[in-house]
Amino acid sequence: MSPQKMSVRRVAVIGGARIPFARSDGPYATASNQQMLTAALDGLVERHGLREPGAVGEFVAGAVLKHSRDFNLARETVLGSKLHPSTPAYDIQQACGTGLQAVIAAANKIALGQTDSAIAGGADTASDAPLGVNDSLRRILLEARRAKSLSGRMKALAKVRPGHLVPDIPRNAEPRTGLSMGEHAAVTARAWGIGREAQDELAATSHQRLAAAYERGFFEDLVIPFRGLARDQNLRPGSTVEKLAALKPVFGLDHPDPTMTAGNSTPLTDGAATVLLASEDWARERGLEPLAYLTAYETAAVDFVGGDVAGGEDGLLMAPAYAVPRMLERAGLGLDDFDLVEIHEAFASQVLATLAAWEKRGLGTVDRARLNVAGSSLATGHPFAATGARIVATLAKLLAERDAPARGLISVCAAGGQGVTAILERA
């Protein structure tokens, strides 16, 4: 097909499936990324009848914390799942934006007619994080491997000392700064003047809304029980501002009046999520009703090392403050045009700083009644690569419930000073 004749098709969100998210070192402590992702994928395949050859054009997914055994994770997941083994698959990774970027990658191929359907998703386990060989030991072992004789190998191995047996433990820190994501968020919270009570209020609301969504059965066709869990383990239905106020700060302790606690920050989490995307014709032929349509997306990055970090503009998690204005300008929309807004809650302070930045850039304010109406990451937890697919499926169903034209905004911050954003619409 020539470029002149190429048309862009609408991309429908058909449905989603995920396993309940669990706190690290809990029920999923021995579950691998592949096992969790397979469970989520199987739930989607069963729910939508996708077992036959060619049912799905491709599967794209990823993980942030990966073992060497997770090489080719998406394809290995397909081979161990109920999806037909003839389904192509590939990995993608962009830190916490991985799940949403997987959705975007799949959507682009559908929009351009390169495939009619695809499944996107992600998985992450903080419990089964990879432990690296001490780098000094690694160098010795490589030297021994390169040796041409037994004596040469023995000479190299004789260099091993007890300290070489200590593994390299994964660190929750940015390589460029050495600061954890929480410490970066604390810098941004101070820069934007985000107070403790506002953070605790947002966190409590997230738990209360997620609990209400479960109680009304909203997640019955989105969450697949796994290893004894039927609901997100981090959920605390009784959360209140008063209860959260009793928690001690854990980030920003090197400055007066720290505000960030374990209660208004997302815990380390294990889990997986998937979402089914398709062209309108594919959905119609299968008798499936689209929940919503993915109509726009935008990514951005900030210089969180040398930029305006102290001023708050270029904090590690502030890239959506740049991505969303660009996306809205391109789409000819304003914040008032959205019925629902989904902001990934890495930290309550980061959500509040993002809202403040949008307002400063002239986008206006977001009515809190429209923000994360079924709860978000503070309540569900945040398995890094799984969050994007969780949000897409949740927002699509929320829009479908409205039985009227509706529009939703997605904003996801990510490590490395990046952000991924998108728009879903219900015609």
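Quick summary incoming for the structure in this document. (Residues numbered from 1 in each chain as written. Predicted model: local features only at pLDDT ≥ 70, side-chain atom pairs only at ≥ 80, totals over all residues. Heavy atoms only, no water.)

**Considering the overall build of the protein chain**
Our working rule: In DSSP terms, a helix is any run of H or I states spanning at least four residues, a strand is any run of E spanning at least two, and both are numbered starting from the N terminus. Three labels apply to residues, based on accessible area from a 1.4 Å probe with only protein chains included: buried if under 20% of the type maximum, exposed if over 50%, partly exposed otherwise in between. In this analysis, two residues are considered to be in contact whenever any of their non-hydrogen atoms come within 4.5 Å of each other.
Along its length, the protein chain carries 13 helices and 12 strands. For the protein chain, the C-alpha atoms occupy an extent of roughly 75 × 60 × 50 Å along the three principal directions. Taken over 427 residues, the protein chain has a buried fraction of 55%. A separation threshold of at least 6 residues defines the contact pool for the protein chain, and within that pool the share at least 24 residues apart is 80%.

**Some points on the side chain of Thr-38**
Note the threshold: Here a polar contact is recorded for every N or O atom pair within 3.5 Å, except that within protein the pair must consist of a potential hydrogen donor and a potential acceptor, and residues adjacent in sequence are included only if both atoms are side-chain atoms.
With respect to the element layout, Thr-38 can be found in helix H1 (residues 33–48). Here the side chain of Thr-38 touches Gln-34 through a polar contact of 2.6 Å, landing on its backbone oxygen. What Thr-38 contacts, discounting residues up to four positions off in sequence, is Thr-77, Gly-80 and Ser-81.

**Quick word on the pattern of salt bridges**
What counts is decided by this rule: In the sections that follow, a salt bridge refers to a side-chain nitrogen of Lys or Arg positioned within 4 Å of a carboxyl oxygen of Asp or Glu.
For the structure on display, the rule yields 22 salt bridges. Residue Lys-159 pairs with Glu-143 through a salt bridge whose shortest N-O separation is 2.9 Å. One end of the pair, Lys-159, is in the loop between helix H5 (150–157) and helix H6 (181–192); the other, Glu-143, is in helix H4 (residues 135–146), with 16 residues separating them in the sequence. Given the relative accessible area of 39%, Lys-159 is considered partly exposed. Judged by its relative accessible area of 32%, Glu-143 falls in the partly exposed class. Taken together, the shared-partner salt bridges in this structure form one network comprising Glu-46, Arg-51 and Lys-82.

**Section: the environment of Ser-81**
Relative to the helices and strands, Ser-81 resides in the loop between helix H2 (73–79) and strand E4 (89–91). Its relative accessible area of 15% is what places Ser-81 among the buried residues. Linking Ser-81 and Val-366, residues 285 residues apart in sequence, is a C-alpha distance of 41 Å. In contact with Ser-81, other than residues within four places in its own chain, are Thr-38, Leu-41 and Asp-42. Engagement of the side chain of Ser-81 in a polar contact is seen with the backbone oxygen of Val-78, the distance being 2.9 Å. A distance of 3.1 Å separates a polar side-chain atom of Ser-81 from the backbone nitrogen of Leu-83.

**Structural notes on the pairing of strand E12 (residues 418–426)**
The criterion, for reference: Any two strands with at least two DSSP bridges between them are considered paired.
With 7 of its 9 residues buried, E12 lies for the most part within the structure. Note: strand E9 (residues 292–301) against E12, 8 bridges, orientation antiparallel. Paired with Thr-299 across the two strands is Val-420, which belongs to E12.

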